[in-house]
Amino acid sequence: MSDQGIGAVAALGDARRRAVYEFVASAREAVSRDQVAEALAIGRTLAAHHLDKLVEAGLLDATFARLGGRSGPGAGRPAKVYRRSSVEHAVNLPPRGYRVLAEVFAEAVSEAGVEPALYAAARRTGERLASGDIEATLRGMGYEPFADGAVWRLRNCPFDAVARTHPGVVCGANLALLQGALGERGVRIDPRPDGCCVVVDRDTTGTKNNESLS
């Protein structure tokens, strides 16, 4: 169990700080201290304190940017903005090495060429995880969906660490998992720099749980 993981968990022990983290983590773009203060109805100084503590714990990243897309003379000084860190934190008691085993499995699948069997198993698992509501299913599986026009985009990839080392196998299994949970039509690969590589149509056509969408 790493000191970094313990520190990250400890930083979320304060209820207000946890609320600050959850607001930043759910935002589609980096947010400023003023935005956090307004959203949570707290003072700007208190918002800044909690934000910087979360940066120290490795839970948030801080950068500087001009808000509202302004640039050039008169645009003002860049503001300090925050977004969720891409670094993973885990605390297991006793210590467990699931990521290492997942990487071993992914490498074995690639070497043996048994991806079809993996994808079939992923689809069956997805079917068992379906809840009857698409957004609820995605949230329950850890994808953190948000509406983006006609699609659900997925802010989080639950398998990111292994996907970075074995993208072909993991992204294929990820797609099959969601096709099993939601129906094959309307679920497709659409890679972006951030978040999950899969996108889900919000249109009711071809989805398994179409009665739950609006």
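Our structure's up above, just so we're on the same page.
What counts as what
Residues numbered from 1 in each chain as written. Predicted model: local features only at pLDDT ≥ 70, side-chain atom pairs only at ≥ 80, totals over all residues. Heavy atoms only, no water. Core = buried A, V, L, I, M, F, W, Y, C linked by side-chain atoms within 4.5 Å. Buried < 20%, exposed > 50% of the residue type's maximum accessible area, 1.4 Å probe, protein only. Helix = DSSP H or I, 4+ residues; strand = E, 2+ residues; numbered from the N terminus. Contact = heavy atoms within 4.5 Å. Phe/Tyr/Trp six-rings, centres within 6.5 Å; stacked < 30°, edge-to-face > 60°. Lys NZ or Arg CZ within 6 Å of the ring centre and 35° of its normal. Pairing = 2+ DSSP bridges. Axes fitted to C-alpha atoms, helices over the stretch in contact; angles between N-to-C directions. Salt bridge = Lys/Arg side-chain N within 4 Å of Asp/Glu carboxyl O.

Explain the nonpolar core to me, and be specific about the residues and the numbers.
Membership of the largest hydrophobic core comes to 19 residues, with the highest contact counts inside it found for Leu138, Tyr143, Leu154, Leu178, Leu182, Val187 and Val198. Among the elements that take part in this core, helix H9 (residues 167–182) stands out by supplying six residues, more than any other. Apart from the residues within four sequence positions on either side, Leu178 is in contact with Leu138, Met141, Tyr143, Leu154, Gly183, Val187 and Val198. Residues Tyr21, Val31, Ala37 and Tyr82 belong to the second largest nonpolar core, which totals 17 residues.

Can you break down the environment of Trp152 residue by residue, with the values?
If you trace the backbone, Trp152 turns up in strand E5 (residues 151–154). Each C-alpha atom, one on Trp152 and one on Leu138, is 9.4 Å from the other, the two residues being 14 residues apart in sequence.

Which residues make up the packing of aromatic side chains, and what are the values?
This model, assessed by the stated rule, comprises one aromatic pair. Judged by centre distance (6.5 Å) and plane angle (75 degrees), the rings of Tyr143 and Phe159 are edge-to-face. Note that Tyr143 is positioned in the loop between helix H7 (134–140) and strand E4 (145–148) and Phe159 in the loop between E5 and helix H8 (160–165), a separation of 16 residues in sequence. Given a relative accessible area of 0%, Tyr143 falls into the buried group. Sitting over the ring of Trp152, Arg202 keeps its end group 4.8 Å from the ring centre.

How would you summarise the sheet that holds strand E1 (residues 31–32) if you had to cite specific residues and measurements?
Strand order in this open sheet of three strands is E1-E3-E2, and the pairing throughout is antiparallel. The open sheet has two edge strands, E1 and strand E2 (60–65), and neither has a second partner. Along the sheet face, helix H2 (residues 15–26) touches E1, E2 and strand E3 (79–84) and points at about 85 degrees away from the line of E3.

Can you tell me about the pattern of salt bridges, naming the residues and giving the values?
Counted under the stated rule, the structure contains 13 salt bridges. Note that Glu184 and Arg123 form a salt bridge whose closest N and O atoms lie 3.5 Å from each other. Of the two residues, Glu184 sits in the loop between H9 and strand E6 (187–189) while Arg123 sits in helix H6 (residues 115–129), which places them 61 residues apart along the sequence. Three or more residues are tied together by salt bridges with common partners; here these are Arg28, Asp148, Arg153 and Asp190.

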